[in-house]
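Given next are the chains, with one letter for each unit.
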Amino acid sequence: MEAETCGTAAVYVSEVLRALGNALQAPPTVWFKESSQKNLRSRDFLVPRGALRKSFPDGEVPAELILTLLSLDAPDLPPLRQCLQCDAGLVVQLDRPALFYRVLRDFAPYLKPLPSADHGQDIVILNCAPLHSAKSLDALRLSHLRAALLADHLAEVLTLNGKHVYPVPAVPSKEVEEFLSQLGISWPSSGDTSLVEETVSSFKDFLRDCVQNAGDGNHTQSPDEIRVQLKTSAEKHNLTLEGYAPNLDFFLVSEDDLRHVARLQRSVQDLVTSPCTVLHIISCEEEFHQQKLDLLWRLMVPSSRDVTQKHLICGPVKVLNSTAPPSSSQYFQLRKSQMLEASVMKYGESVKGDSWDEIITSLTSAAVKFELMATPHRSQVNLNLEDGNITTKGTKSGAFVMYNCARLATMFDSYNDAASEGIYPEFPPAGDLSYSSLREEVCKFLVGLSMDFSCYYNRVHILGEPLPHLFSQMFARLRLMKGVQSVLHSALKTLHITPLTQI
């Protein structure tokens, strides 16, 4: 059973908000997409009462405007069921059965990136700052791993949205490269070190001249570090310091700092014909240092001042009940041993051999990614690494999703095997299916009242008895599960997680 397209236009929330705003003769920002499970029972979109008063003197929307809203009709807009005013404000509810039918007929558009309204720079240099100092596996801290996972995810998402992404730096250690590869992170592993060292040498000469010209030679300069007055130099060159930390002043510049900047400079030089954005992914403990590097680059290379630099800061990773946090490698191996133990408890002594080692590694990789990335990137991640905590939120989520991927794959394999034996008929075109039998269960499933599809297919016997009068409902349910599977696989791809097909 393959995903099937029927050529229907996709419905995007942003387009719905724009159309509703135009019809109401108000900006799209006055509308809110409802997300509360309680409120979703009665509405999908809302203009709060306070916002209505700003657009209409008495807070009442004229009847003709409500009729205009109800009569909206365009290929990329969902059908509206009702539009009315209440104490909360102006409420719109979609015709959900019609919308679900439309989505289930053709969910292929929802597996593609959203149409981008960003017509800015199409080239992004993605600088994973912690990797510059990851000269050994022991040096890769948990906060570094979190930043690397986020950088890898962003590289995939930006690429899907039409950006040309150039990851920096090349991983400086073979063992770090192999470890990241085990997690599905594909990062450059080689670079032109001779050109970088030439650039570092020219940077050293430039900075020493600057120090002498600034009369800062009274301070002892070590052979490996150069003391630079960032703030004074920035003011001298009329560089704005807006957005930088106010205490950004003296900087003891090391060779590693210069190599960091040199790698960025070489990347920009390779793209000299096109404007670009440099996006720095930084762990929070290195945020201040990265600001210094940012400003240092602008001081040493005037042309870099035209480069847009943005900083994305990752919050800390705290290991609970631990005075000596493990390295990233130790953390992964601990989670893997816990995952193996949990699998043996669930599946018994059959958990052995190369195939099971592959499955355990895949489950562990997914668990680690969910555990470190499920929290908003600026917030702190709290890890409990005790033996009994393999089912913590992030870990459980990763393994849980992978188990469900395997269960979905097994279900479709079972259908295909039965269909090839003539037990079930071939799957009909999606446009010929009747979804009326799913009205109640789809509403609960997709509106958010019961988002756990594992519970859904535990409660609902999707592959029913091979009786002709039950086939219509079975096919509708299979189509719903195929949509879930396709969206799930599409999302996992952005995390470089390969879904399990069997356990």
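Let us look at the structure shown here. Since we're looking at a predicted model, the values are computed, not measured.

## Considering the overall build of the chain
A tally of regular secondary structure across the chain gives 16 helices and 12 strands. For the chain, with 503 residues in total, the buried portion stands at 47%. Sequence separation of at least 24 residues holds for 76% of the intrachain contacts in the chain that already meet a minimum separation of 6.

## A closer look at the packing of aromatic side chains
In total, this model carries 11 aromatic pairs according to the counting rule given. Measuring from centroid to centroid gives 5.5 Å for Tyr101 and Tyr435, while their planes differ by 65°, and the two rings are edge-to-face. Of this pair, Tyr101 sits in helix α4 (residues 96-105) while Tyr435 is found in the loop between α13 (393-420) and α14 (439-447), placing the two residues 334 residues apart along the sequence. Judged by relative accessible area, Tyr101 falls into the partly exposed class, the value being 32%. With a centroid separation of 5.9 Å and 20° between ring planes, the pair formed by Tyr415 and Tyr424 is classed as stacked. Judged by relative accessible area, which is 9%, Tyr424 ranks as buried. Chaining the aromatic ring pairs together yields one cluster made of Tyr415, Tyr424, Phe427, Phe471 and Phe475. Over the ring of Phe45 we find Lys33; its NZ or CZ atom is 5.6 Å from the centre of that ring. A cation over an aromatic ring shows up here: Arg227 above the ring of Phe250, its NZ or CZ 3.8 Å from the ring centre.

## Some details on the nonpolar core
Core analysis: the biggest nonpolar cluster contains 37 residues, and Leu126, Leu145, Leu180, Ile281, Leu372 and Leu383 have the highest contact counts within it. Broken down by element, the residue count for this core peaks at nine residues, all from helix α5 (residues 142-160). Other than its neighbours up to four places away in sequence, Leu180 contacts Leu131, Leu140, Leu145, Val171 and Ile185. Core analysis: the next-biggest nonpolar cluster, separate from the first, contains 33 residues, Val196, Val211, Leu230 and Ala262 among them.

## Regarding the sheet that holds strand β5 (residues 123-128)
The pairing of strands in a sheet comes from backbone hydrogen bonds and takes either a parallel or an antiparallel form. The four strands lie next to each other as β6-β5-β9-β10, forming an open sheet whose pairing is parallel. Bordering the open sheet on either side are β6 (164-168) and β10 (308-314), each of which pairs with just one other strand. Pairwise comparison of adjacent strand axes, ignoring direction, gives a mean angle of 20° for this sheet. In this sheet, β10 lies alongside strand β9 (residues 277-283) in parallel orientation, the contact comprising seven bridges. Following the sheet pairing, Ser283 is matched in β10 by Cys314. Strands β5, β9 and β10 of the sheet are contacted by helix α10 (residues 287-300), whose axis makes an angle of about 170° with β10.

## A word on the packing of helix α11 (residues 328-347) against helix α12 (residues 354-373)
Where α11 contacts α12, the two axes come as close as 9 Å, and the packing angle between them is 120°. As judged from the angle between their axes, α11 and α12 are oblique. Note that α11 runs across α12; the crossing there is right-handed. Contacts between α11 and α12 involve Tyr331, Phe332, Arg335, Lys336, Met339, Leu340, Ser343 and Tyr347 from the former and Trp356, Asp357, Ile360, Thr361, Leu363, Thr364, Ser365, Ala367, Val368, Glu371 and Leu372 from the latter. In the contact of α11 with α12, the residues fall into 11 nonpolar, four polar and four charged.

## So, the pattern of salt bridges
Following the criterion strictly, the structure yields 15 salt bridges and no others. With a shortest N-O distance of 2.8 Å, Glu197 and Arg259 are connected by a salt bridge. Here Arg259 lies in helix α9 (residues 255-270) and Glu197 lies in helix α7 (residues 193-213), a separation of 62 residues in the sequence. Residue class for Glu197 comes out partly exposed when judged on its relative accessible area of 34%. Linking Lys336 and Asp357 is a salt bridge whose minimum nitrogen-to-oxygen distance equals 3.5 Å. You can see Lys336 sitting in helix α11 and its partner Asp357 sitting in helix α12, a full 21 residues away along the chain. The structure contains a network of salt bridges with shared partners spanning Lys135, Glu197, Lys204, Glu255, Asp256 and Arg259.

## Section: the packing of α5 against α12
Taken N-terminus to C-terminus, the directions of α5 and α12 make an angle of 100°; their axes are 10 Å apart at the nearest point. Taken together, the axes of α5 and α12 lie roughly perpendicular to each other. Only Val368, Lys369, Leu372 and Met373 of α12 make contact with α5, whose side of the interface consists of Leu145, Arg146, Leu149, Leu150 and His153. Looking at side-chain class alone, the contact of α5 with α12 contains six nonpolar, one polar and two charged residues.

What counts and what doesn't
- Residues numbered from 1 in each chain as written.
- Predicted model: local features only at pLDDT ≥ 70, side-chain atom pairs only at ≥ 80, totals over all residues.
- Heavy atoms only, no water.
- Helix = DSSP H or I, 4+ residues; strand = E, 2+ residues; numbered from the N terminus.
- Buried < 20%, exposed > 50% of the residue type's maximum accessible area, 1.4 Å probe, protein only.
- Contact = heavy atoms within 4.5 Å.
- Phe/Tyr/Trp six-rings, centres within 6.5 Å; stacked < 30°, edge-to-face > 60°.
- Lys NZ or Arg CZ within 6 Å of the ring centre and 35° of its normal.
- Core = buried A, V, L, I, M, F, W, Y, C linked by side-chain atoms within 4.5 Å.
- Pairing = 2+ DSSP bridges.
- Axes fitted to C-alpha atoms, helices over the stretch in contact; angles between N-to-C directions.
- Parallel < 35°, antiparallel > 145°, perpendicular 65-115°, else oblique.
- Left-handed = near helix turned anticlockwise from the far one by under 90°.
- Nonpolar A, V, L, I, M, F, W, Y, C, P; charged D, E, K, R; others polar.
- Salt bridge = Lys/Arg side-chain N within 4 Å of Asp/Glu carboxyl O.

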